[in-house]
Amino acid sequence: MRVLRRGDTGPEVAEIRSMLSGLDLLPPGDGSDGYGTFDAVVEHAVRAFQQRRGLITDGIVGPATYRALRGSSYHLGSRPLAYLISSPVHGDDVFTLQERLTELGYDAGRPDGGFGPQTERALRNFQRDYGLTVDGICGPATVRALRQLSPRARGGRPVFLREQEQVRRAGPRLRGKRIVIDPGHGGPDLGVAVNGVHESEVAWDLARRLEGRMKATGMEALISRGPGHSPSELERAQFANEAGADLFLSLHCDGNRSPFAQGVASFHFGTGNGTTSTVGELLAGYIQRELAARTGMLDCRTHPKTWDIFTRTRCPAVRVEIGYLTNQEDRRRLSDPSFRDVVAEGILVAVKRLYLLGENDQPTGTFTFADVLAHELLKAE
Ligand SMILES: [Zn+2]
């Protein structure tokens, strides 16, 4: 291409003027007559563009500035992107793609706006992990997938992106979703037992209350054990896997040598080094928020763990430790059936929020069982 500078005229200058006006650096419609002059106003606009892009600010349109100007008219999705060895694709859309892949944990190299072999490799890996056609082409389906991943997925590991995609595809309704409720301990294993209050029985009763509410919304709720049984963690995970569960929810109460330890905590799969089940973490967070707001129990937050119950289950799994039976106040509350109803409702709403993927802005703690039922009916229409 010809290097363009102040004083030049012709259709190439008209194209430059048109691109600058597309960037709001010149008045709109500029250059539409197909003939243009590279005057002081254009030079000023070129300098402004160069400064914005970190190019040499000389007011002259050489190959680098021209390529950047051409590329700036593309937004991710405005054209399919692929690695073309003969004529490499450059543009702001490539830059956005590279940034997004990097955010999601794929090595697309340093984002530079040029679609090279490394960008293609990262894109193929993303497509494979995400269940898309692995063609190395960033077309409409890939763009949609990139857009739909919530910012929560940033830094998450690819295998868990699929979990999140499944939740999104499953839609906001609870009807038809299969959840395994797993009351801890059971039978001869009482769990924490203080003054005749047994963890195994509290967990069982909570599981039944939750099961009833879930079934009322049309969910398929399954309980992992009978009232008098105590399967191993592995057996509980197998139960969920064989049932083809969408979610696994384990209910426990805690105990501590200190009578002052109290509150509610939720656990999900995670190594603590950034590898985490994004859906597990999301659900654990909703449960914490709802239970803390509804019960006034101390919020002991969410924690990543690599327990068997998380590594052996194939679906997102959360374990909630609801209160300390060794704490007088927590124990008193948990012995009260109406309190257990509040807990069951809070957990149900947390599951509903998960499937709404943050689309419901009702404040934490105010979403009722009746609201959930109403929402299900609304969505059924
Ligand atoms: Zn327990």
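Computed from a predicted model, the values in this text were never measured in an experiment. (Residues numbered from 1 in each chain as written. Predicted model: local features only at pLDDT ≥ 70, side-chain atom pairs only at ≥ 80, totals over all residues. Heavy atoms only, no water.)

1. Thoughts on the overall build of the chain
Moving on, step 1. Within the chain, the regular secondary structure consists of 14 helices and ten strands.
Moving on, step 2. Its C-alpha radius of gyration of 28 Å places the chain more than 25% over the 21 Å reference for a compact globule of 381 residues.
Moving on, step 3. Considering only C-alpha atoms, the chain reaches an extent of 95 × 45 × 40 Å along its principal axes.
Moving on, step 4. Residues counted as buried form 50% of the 381 residues belonging to the chain.
Moving on, step 5. Contacts spanning at least 24 positions in sequence make up 65% of the contacts within the chain whose residues lie at least 6 apart.
Moving on, step 6. Looking at the chain as shown, the accessible area adds up to about 17800 Å², and 50% of this sits on carbon and sulfur atoms.
Moving on, step 7. The average position of the 48 basic charges and that of the 47 acidic charges among the side chains of the chain differ by 1 Å. (Helix = DSSP H or I, 4+ residues; strand = E, 2+ residues; numbered from the N terminus. Rg over C-alpha atoms; globule rule 2.2 N^0.38 Å. Buried < 20%, exposed > 50% of the residue type's maximum accessible area, 1.4 Å probe, protein only. Contact = heavy atoms within 4.5 Å. Areas by Shrake-Rupley, 256 points an atom, 1.4 Å probe, with all protein chains shown as cover. Lys, Arg positive; Asp, Glu negative; His and termini not counted. Charge placed at Lys NZ, Arg CZ, Asp CG, Glu CD.)

2. Some points on the sheet that holds strand β6 (residues 220–223)
The pairing of strands in a sheet happens through backbone hydrogen bonds and is either parallel or antiparallel.
Moving on, step 1. Overall, mixed pairing links the six strands, which are arranged β6-β3-β7-β10-β8-β9 in an open sheet. What marks the edges here is a single partner per strand, and that holds for β6 and β9 (299–305). Between one strand and the next, the sheet's axes are offset by a mean angle of 20 degrees, whatever the strand orientation.
Moving on, step 2. In this structure, strand β3 (residues 178–183) lies alongside β6, joined through four bridges in parallel fashion. Across the sheet, the residue bridging to Ile179 is Ala221, located in β6.
Moving on, step 3. Relative to strand β8 (residues 264–269), helix α10 (residues 278–295) is tilted by about 170 degrees, and along the sheet it contacts β7 (247–254), β8, β9 and β10 (317–324). (Pairing = 2+ DSSP bridges. Axes fitted to C-alpha atoms, helices over the stretch in contact; angles between N-to-C directions.)

3. Some remarks on the pairing of β3
Two faces belong to every sheet, and in a regular strand the side chains alternate between them.
Moving on, step 1. In terms of residue burial, β3 counts as a mostly covered element, since five of its six residues are buried.
Moving on, step 2. Judged from the five bridges that link them, β3 and β7 form a sheet pairing that is parallel. Across the sheet, residue Ile179 finds its bridge partner in β7, namely Leu247.

4. Here's the deal with the side chain of Glu376
Moving on, step 1. Within the secondary structure layout, Glu376 lies in helix α14 (residues 369–380).
Moving on, step 2. The exposure class assigned to Glu376 is buried, which follows from its relative accessible area of 4%.
Moving on, step 3. Polar contacts involving the side chain of Glu376 include one to the main-chain amide nitrogen of Arg175, which spans 3.2 Å.
Moving on, step 4. Ignoring sequence-local partners within four residues, the contact set of Glu376 consists of Pro172, Arg173, Leu174, Arg175, Thr217 and Lys352. (Polar contact = N/O pair within 3.5 Å; in protein donor to acceptor, adjacent residues only side chain to side chain.)

5. Topic: the pattern of salt bridges
Moving on, step 1. Enumeration according to the criterion identifies 27 salt bridges in this entry.
Moving on, step 2. Among the ionic pairs, Lys215 bridges to Glu211, the shortest N-O distance being 3.2 Å. Residue Lys215 and its partner Glu211 are both found in helix α8 (residues 199–216); the two are separated by four residues, about one turn of the helix.
Moving on, step 3. Between Arg333 and Glu329 there is a salt bridge, and its shortest N-O distance comes to 3.6 Å. Taken together, the residues span about one helical turn, with Arg333 and Glu329 both in helix α12 (residues 328–334) at a distance of four residues.
Moving on, step 4. By relative accessible area, which is 16% here, Arg333 ends up buried.
Moving on, step 5. By relative accessible area, Glu329 is classed as partly exposed at 33%.
Moving on, step 6. A single salt-bridge network, built from bridges that share partners, covers Asp182, Glu233, Arg236, Arg319 and Glu321. (Salt bridge = Lys/Arg side-chain N within 4 Å of Asp/Glu carboxyl O.)

6. A closer look at the environment of Gly139
Moving on, step 1. Here Gly139 lies in the loop between α5 (117–130) and α6 (140–148).
Moving on, step 2. Given a relative accessible area of 12%, Gly139 falls into the buried group.
Moving on, step 3. Along the chain, Gly139 and Ser78 lie 61 residues apart, while their C-alpha atoms are 9.2 Å from each other.

7. A closer look at the confidence of the model for the chain
Moving on, step 1. Residue-level pLDDT values for the chain average 88, and 92% of them are 70 or greater.
Moving on, step 2. Per-element averaging of pLDDT across the chain places helix α7 (residues 158–170) at the bottom with 74 and β3 at the top with 98. (pLDDT = per-residue confidence, 0-100.)

8. Notes on the coordination of the zinc ion
A metal bound by six donors in octahedral fashion has ideal angles of 90 or 180 degrees, whereas one bound by four tetrahedral donors has an ideal angle of 109.5 degrees.
Moving on, step 1. For the zinc ion, every protein donor is listed as His185 (NE2), Glu199 (OE) and His252 (ND1), and the spread of their distances is 2.0 to 2.2 Å.
Moving on, step 2. Sequence positions of the residues that donate to the zinc ion give the spacing H-x13-E-x52-H. Highlighted residues: His185 in the loop between β3 and β4 (193–194) and His252 in strand β7, separated in sequence by 67 residues.
Moving on, step 3. Judged by its relative accessible area of 4%, His252 is buried. (Donors = N, O, S within 2.8 Å, 3.2 Å for Na, K, Ca; no water.)

9. Points about the state of the cysteines
Moving on, step 1. Tallying each qualifying case throughout the model produces zero disulfides.
Moving on, step 2. For the unlinked cysteine Cys300, the closest cysteine sulfur is that of Cys253, found at 13 Å. (Disulfide = S-S within 2.5 Å.)

10. Some details on the packing of aromatic side chains
Moving on, step 1. Applying the stated criterion to the full structure yields three aromatic pairs.
Moving on, step 2. For the pair Phe267 and Trp307, a centre-to-centre distance of 4.9 Å together with 40 degrees between the ring planes defines the contact as tilted. Placement of the pair is Phe267 in strand β8 and Trp307 in the loop between β9 and α11 (308–311), with a sequence separation of 40 residues.
Moving on, step 3. Take Phe267: its relative accessible area is 10%, and that puts it in the buried class. (Phe/Tyr/Trp six-rings, centres within 6.5 Å; stacked < 30°, edge-to-face > 60°.)

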